[in-house]
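This is what each chain is made of:
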Amino acid sequence: MSLDEIHHVRTPEAPAPEAPAPDSSSPDGTAPGAAIPRRGGWAALRPLFLRLHFYAGLLIAPLLFLAATTGLLYAGSWQAEKILYADELTVARVGDEVRPLSAQVEAARGAAPKGEVLSVWPAPDAEATTRVVMESPGLAEGETLTVFVDPYTAEVRGQLATVGDALPLRAWLSEFHSSLQLGEFGRNYSELAASWLWVVALGGLGLWIGRRRKRKAELVLPDRKATGRRRTLSWHGTVGLWAVAGLVLLSATGLTWSKYAGENIGQLQDGLGGATPAVSAALNPGAASGGADEHAGHVMTEGMEMPPPAPTADIGIDRAVEAARAAGVTESLQVTLPAKGKGYVVKEKDKQVPVHLDTVALDPADGRVLDELRFADYPVLAQLTRFGIDLHMGLTFGLANQLALAALAVAVMFLVFWGYRMWWLRRPTKDRKLSVGRAQPRGAWRKLPVTALLPLAAVTAVVGWFIPLLGISLLVFLAVDALLGFVAARRRGAAV
């Protein structure tokens, strides 16, 4: 993710002799009206990659550093909440017999009488508490009230405002990572960072692999004998090489949550038949399955929409869980209680490898299976999306996953630091005034052969449309760069 690695520029320790000044009428150093020499292959692409990598690293790097810092905090939040909320998450003593879920739910209702129970998460292991998730007045949008109940005694261990499965600390850090706690406006920062991360990472990889070196080992290991800028570049390139796969994965999965690119990704996934399926819990046997229609279960009679039938009987949550287990849904359960016109939905939420994500819908009258969905039956794209998102969140491999995310975050922070250091080391040394490193000369795209330029322009346009913030910011870069070149040329022309 090098900000710049131009070979013909010497380090400050050994400044290069001054070259003759180029013709002042052309920003890229060519004479007015002269033909631009065109090269093919990597020799033609490399200057373009250098300039793009330079500006992307220089201007987007602060956002990447911020995303890495907040991501590092989030990676540690899984372990932090186990410590901070130990009283709520664990029982005081493991008992001999578990109380019925219905009794645990009643205890939660007694502790929060104004709450309406939405779902119940039975204790996933012997030391864990049961979670009773409620809709309750006074909570922020998206929040629910979770009451933690000791499954052995039905004693309430505590109550917390939660977002999904995230307790307050992780919920806050998740929002901080995605939007800096600035709402919809703040989400633009994380989408812009994710949009450019894969570009900077893959561009840096190409520059590092294409670089000439005396020893092949310098490709994968830093050169400890190097000094100055070359030493910084060596560390920057090798760490970036080892981290690039993880960075591209973080970029791709992060974009699935984004506002603009995420919508395009969702439409593409749906168009390719990779939408994530869902069970239908509708009690009306004629309702369409799949759970996508929020009006599923309604019956049309003489042009009038009739309300769905209300359950006439309820076998209770304990028998519903027994029926789900008999249907093969057994690991780390989440039980959604019947609503008007719908039955029980019991699903697995164990996202660690091997995953357990099967779901069944049950008739509350007799426990009959209304619909079932096995994770093995998900479309391949939906499975890959699930794995990618859970890897990004640190779920798939548990602690090992969270440590890997933390390592990637630290790597990005060092890569940004090294990139800015190289930029600073490339500043002119004769001038004692405050100055900074120079960019790769303009005009690199004009040296590309047409056979490379046209496909590259087409791919850039498609990617820019598909990832809008990338396309818009790239156009801004080009416009500002062209304006700076125009101003510089006018000044040189006036000086002649």
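Residues numbered from 1 in each chain as written. Predicted model: local features only at pLDDT ≥ 70, side-chain atom pairs only at ≥ 80, totals over all residues. Heavy atoms only, no water.

Draft legend 1. Fine view of the pattern of salt bridges. Scanning the model with the defined rule gives nine salt bridges in all. Across the salt bridge formed by R368 and D363, the nearest N and O atoms sit 3.0 Å from each other. Classification of D363 by relative accessible area gives buried; the value is 12%. The salt bridge partner of D390 is R386, with a shortest N-O separation of 2.7 Å. Separated by four residues within a single helix, D390 and R386 lie in helix α9 (residues 380-393), roughly one turn from each other. Among the ionic contacts, a cluster of salt bridges with common partners joins E81, D165 and R170. (Salt bridge = Lys/Arg side-chain N within 4 Å of Asp/Glu carboxyl O. Buried < 20%, exposed > 50% of the residue type's maximum accessible area, 1.4 Å probe, protein only. Helix = DSSP H or I, 4+ residues; strand = E, 2+ residues; numbered from the N terminus.)

Draft legend 2. Inspection of the packing of aromatic side chains at higher detail. A complete count under the given rule lists ten aromatic pairs for this structure. For the pair Y74 and W78, a centre-to-centre distance of 6.2 Å together with 80° between the ring planes defines the contact as edge-to-face. A residue pair is termed a helical-turn pair when its members lie 3 or 4 positions apart in one helix, as Y74 and W78 do in helix α1 (residues 41-84) at four residues. The burial state of Y74 is the same as that of W78; both residues are buried. An aromatic cluster is defined as three or more aromatic residues linked by ring pairs; in this entry it consists of W235, F414 and W418. A cation sits over an aromatic face here: R170 above W78, 3.7 Å from the ring centre. Seen from the ring of W208, R213 lies directly overhead, with NZ or CZ sitting 4.6 Å from the centre. (Phe/Tyr/Trp six-rings, centres within 6.5 Å; stacked < 30°, edge-to-face > 60°. Lys NZ or Arg CZ within 6 Å of the ring centre and 35° of its normal.)

Draft legend 3. Highlighting the pairing of strand β4 (residues 156-162). Two strands pair when backbone bridges link them, and strand β3 (residues 144-149) and β4 are joined in this way by six bridges, in the antiparallel orientation. Following the sheet pairing, F148 is matched in β4 by G158. Between β3 and the antiparallel strand that follows it, β4, lie six residues; A154 among them carries a positive phi value of about 65°. (Pairing = 2+ DSSP bridges.)

Draft legend 4. Molecular detail of unusual backbone geometry. Here the bond from V353 into P354 is cis, since omega is -5°, no more than 30 degrees from zero. With respect to the helices and strands, the residue P354 is situated in the loop between β8 (344-348) and β9 (359-362). Within the chain, Q181 stands out as a residue other than glycine whose phi angle is a positive 60°. Topologically, Q181 is positioned in the loop between α4 (168-179) and α5 (183-209). The class of Q181 is partly exposed, set by a relative accessible area of 34%.

Draft legend 5. Main features of the environment of E331. With respect to the element layout, E331 can be found in the loop between α8 (317-326) and β7 (333-336). The spatial distance from the C-alpha of E331 to the C-alpha of K349 is 7.4 Å, given a sequence separation of 18 residues. Not counting residues up to four positions away in its chain, the partners in contact with E331 are E348, K349 and H356. (Contact = heavy atoms within 4.5 Å.)

Draft legend 6. Structural context of helix α3 (residues 101-111). What α3 keeps buried is the set L101, Q104, V105, A107 and A108. Angular distribution of buried residues about the axis of α3 spans 155°; they occupy a single face of the element. Contacts made by the buried residues of α3 are with β1 (116-121), β2 (130-135), β3, β4 and α8. (Arc of directions from axis to C-beta.)

None of this, on its own, says anything about what the molecule does.
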